[in-house]
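Analysis of the macromolecular model
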Amino acid sequence: MSGRERPLDARSPGSRAKEIKHASPVQCTGFKEEKQKKKRTKTQEPQKSNHAEEKPAVQKTPKEKATKHLTKESNEEQHMPTESTKAKTCSSTARSQKRPPRNPLKTQLELETAIMPETPKELKASQANNKPKASGKAEFQTEETNDEECADETMQKMPKAKADADNSVLKSILSNLKIKVKDRSNSSKVVNSFRKKLVKYLKKDTICFSEVEEPECTGSYYENLKILHPDEFDIMLPMPVERVKIEPFGTNGAFYSVALKRGKNPLMRFQKDDILPASEILKEFRESVKKFAKGCTEWTMTPKRKGCPAVTLTCQVDSVTISLDVVLCLRVKSSWPSFTNNGLKIEQWLGTKVKQEHKRKPYYLVPKYEGRGNVENDGVQAKDAWRMSFSHIEKDIIKKHGSQKTCCEKGGANCCRKGCLKLLKYLLHLLKESNSTFDKFCSYHAKTTFLHACCSKTKDTDWGESDLSQCFNRLLQDFENQLRCGELFNFFIPSQNLLSGIGKKLCTQLADAIKEQRENGFPIFKKSF
């Protein structure tokens, strides 16, 4: 009989002693018990024992060969069985004590198998290389993988804990930014009363503005985005124009020269050389509002601001000084100019149907210009140009901001969209207070950034109420990137860059200031309350 065919019982005593020597105490005990059972079995059934001794030649498998190598590895390198091996051996011993006597040869195979590598990965490596080092390398890789998984779990927990803390702080800030119900009620009563009286006066006591329509209330107060105090209101008084010719003024698509076609529009008296001059109409409108305000002693007109289309009045209500901007505008009932074709990309956010509904609405032209008023373009001075306005559509979009109709409604889930915009506006407000060089930036920059962000993250779940901190930080990073690039495109007219009139250096400074606040937990918020 060759060495390969030698039965397990016929191995040398020295070899067997080595295996038993390096086995755990539990293994040794189990082995002794099995050995005693083997002796009793040999005494009672000698023929079966001899028959069993002939079987190893058939049952000898590569697995037993691998077992020998791994046993040798355990003797030379480990000198001590692993904890998992001990547990397996104990379990095997306990089962052998409860069950009836088994075939001694099979029991011996189980004992040898108990000291095999714990994982299939180690056994496979050992069989392939037939080298002791393979098992040790596999064990090291397994431990390293487990350490990486633990590190990943820790990294996941840490941001969550930080996000929860930031959420708590930001929600507290938003709570402090809420307008008191009493203040809101008192301010709105005063403004609504003035607005109704002014419209009545313009319709009855003026010739030029007798066809003014019902006011379009726009701005943050009417979008439910006003913070701290109800101290700013915006009202647009539209004059309808049905037959009108508009030509782009400049190249950005936001400003236009306007000419009324034949008709009985009362504004025709201002038109000269097929140009409806915005500056002269604004001047006449300002005089009309001034005459009316003389009868309202509680209201005071403020000086005219260069390039501003609004006539501003102020009034003291309780402890709050209210500012009311009244803007005369042209209400154009025709298709939107071609410069708007690539704007208002809300299909993935609010749907194609909603976009089509908005595109069928009229647009507004307000008497506003940029730069120097005496600069001419095709015979038209900048002060006589009109700027396109979609503030009425902005208000509607922000009010109905969910991809689902039930967003922020009764029975529906709440989102943090408006909360993020309020926080961005407040952060910009505080940074402007701390650094007067940031005065060139306004809340419309924040609103435009927000609208673009909503088109990028279109689902309501992207703006979960519990994810306020994450969503706000994402919005801030969007704003920072736009500032560093010096590009923030009009949401409705993509060809207009809202940052073109602001220096790149100043944009970078604001981006750095926002980043500093974001990375340090918004200390400017904590100081404000």
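Residues numbered from 1 in each chain as written. Predicted model: local features only at pLDDT ≥ 70, side-chain atom pairs only at ≥ 80, totals over all residues. Heavy atoms only, no water.

Under the annotation held in an unreviewed UniProt entry, the chain carries the name Cyclic GMP-AMP synthase and is attributed to Ameca splendens.

Topic: the overall build of the chain
Applied cut-off: A run of H or I in DSSP counts as a helix once it spans at least four residues, and a run of E counts as a strand once it spans at least two, with each numbered from the N terminus. Any two residues whose heavy atoms approach within 4.5 Å are treated as being in contact. Only the protein chains shown count as cover for residues, and all accessible areas are computed by the Shrake-Rupley method using a 1.4 Å probe.
From N to C terminus, the chain includes 18 helices and 11 strands. The long-range fraction of contacts in the chain, counting pairs at least 24 apart against all pairs at least 6 apart in sequence, stands at 69%. Counting every atom, the chain has about 29,800 Å² of accessible surface; 49% of that belongs to carbon and sulfur.

Remarks on unusual backbone geometry
Short version of the rule: Relative accessibility thresholds used throughout: buried, under 20% of the residue-type maximum; exposed, over 50%; partly exposed, between the two (1.4 Å probe, protein chains only).
Its identity is not glycine, yet asparagine 224 carries a phi of approximately 60°, on the positive side. Positionally, asparagine 224 belongs in the loop between β1 (216-218) and β2 (232-241). Residue classification places asparagine 224 among the partly exposed residues on the basis of a relative accessible area of 39%. Phi at aspartate 378 is positive, roughly 55°, even though this residue is not glycine. Position of aspartate 378 relative to the elements: it lies in the loop between β9 (376-377) and β10 (380-381).

Points about the confidence of the model for the chain
The predicted coordinates of low-pLDDT regions are not to be read in fine detail. Stated formally: The predictor attaches a confidence to each residue, called pLDDT, with possible values from 0 through 100.
The share of residues in the chain with pLDDT of 70 or more is 70%, and the mean pLDDT across the chain is 78. Here residues 1-33 is modelled with pLDDT under 50, and outside its nearest four sequence neighbours on either side it reaches 44 contacts, counting other chains as well. In the model, residues 41-158 has pLDDT below 50 throughout and makes 90 contacts with residues more than four positions away in sequence or in other chains.

Focus on the packing of aromatic side chains
Let me state the cut-off plainly: Each Phe, Tyr or Trp ring (for Trp, its six-membered ring) is paired with any other whose centre lies within 6.5 Å, and the angle between the two planes then decides the class: stacked below 30 degrees, edge-to-face above 60, tilted in between. Only when the NZ atom of a Lys or the CZ atom of an Arg is both within 6 Å of the ring centre and within 35 degrees of the ring normal do we say a charge sits over the ring.
Per the stated rule, a full pass over the model turns up 16 aromatic pairs. Taking the centre distance of 4.7 Å and the plane angle of 40° together, the rings of phenylalanine 194 and tryptophan 299 count as tilted. Of this pair, phenylalanine 194 sits in helix α10 (residues 181-205) while tryptophan 299 sits in strand β5 (residues 299-301); the two residues are 105 residues apart in sequence, bridging distant segments of the chain. By the burial criterion, phenylalanine 194 is buried, and tryptophan 299 matches it. Among the aromatic residues, those joined into a ring-pair cluster are Phe194, Tyr201, Phe292 and Trp299. Over the aromatic face of tryptophan 463 sits the side chain of arginine 474, whose NZ or CZ is 4.8 Å from the ring centroid.

A look at the packing of helix α15 (residues 443-456) against helix α16 (residues 468-485)
Cut-off, in case you're wondering: Lines fitted to C-alpha atoms define the axes here, with helix axes fitted over just the stretch in contact, and angles between the N-to-C directions of these axes take values from 0 to 180 degrees. For classification purposes, angles smaller than 35 degrees are called roughly parallel, those larger than 145 roughly antiparallel, those between 65 and 115 roughly perpendicular, and all remaining angles oblique. Helix crossings get a hand from a simple test, with the near helix turned counterclockwise from the far one by less than a right angle marking a left-handed crossing and a clockwise turn marking a right-handed one. Each residue is assigned to one class: nonpolar for Ala, Val, Leu, Ile, Met, Phe, Trp, Tyr, Cys and Pro, charged for Asp, Glu, Lys and Arg, and polar for all the others, Gly among them.
Relative orientation of the contacting elements α15 and α16 amounts to 115°, with a least axis distance of 10 Å. Overall, the two elements α15 and α16 adopt an arrangement that is roughly perpendicular. For the element pair α15 and α16, the recorded crossing hand is right-handed. Facing α15, whose interface residues are His445, Thr449, Phe450 and Ala453, α16 presents Leu475, Asp478, Phe479 and Gln482. Of the residues in the contact of α15 with α16, the class split is four nonpolar, three polar and one charged.

What to know about the packing of helix α13 (residues 391-399) against α15
The interhelical angle for the contact between α13 and α15, taken along N-to-C directions, is 55°, at an axis separation of 12 Å. Classified by the angle their axes make, α13 and α15 are oblique. Read as a crossing pair, α13 and α15 show a hand that is left-handed. Within the contact between the two elements, α13 uses Glu394, Ile397 and Ile398 and α15 uses Tyr444, Lys447 and Leu451. Class assignment for the residues of the contact of α13 with α15 results in four nonpolar, no polar and two charged.

Considerations on the pairing of strand β6 (residues 310-317)
Our working rule: At least two bridges found by DSSP between two strands are what make those strands a pair.
Taking burial as the measure, the eight residues of β6 include six buried ones, the bulk of the element. Taken together, the three bridges between β5 and β6 define a ladder with antiparallel strand orientation. If you follow methionine 301 over to β6, its bridge partner there is leucine 313. Pairing geometry for β6 and strand β7 (residues 320-332), over eight bridges, is antiparallel. Bridge assignment links valine 317 to a residue of β7, and that residue is valine 320. Hairpin connection, β6 to β7: the antiparallel pair is bridged by two residues, and aspartate 318 has positive phi, about 55°.

Focus on the pairing of strand β4 (residues 255-260)
Among the six residues in β4, six count as buried, and that is most of the element. As paired strands, strand β3 (residues 244-248) and β4 are joined by five bridges and run antiparallel to one another. Within β4, the residue paired with isoleucine 246 across the bridge is valine 258. In this antiparallel pair of consecutive strands, β3 and β4, the connection spans six residues, and glycine 250 shows a positive phi of 90°.

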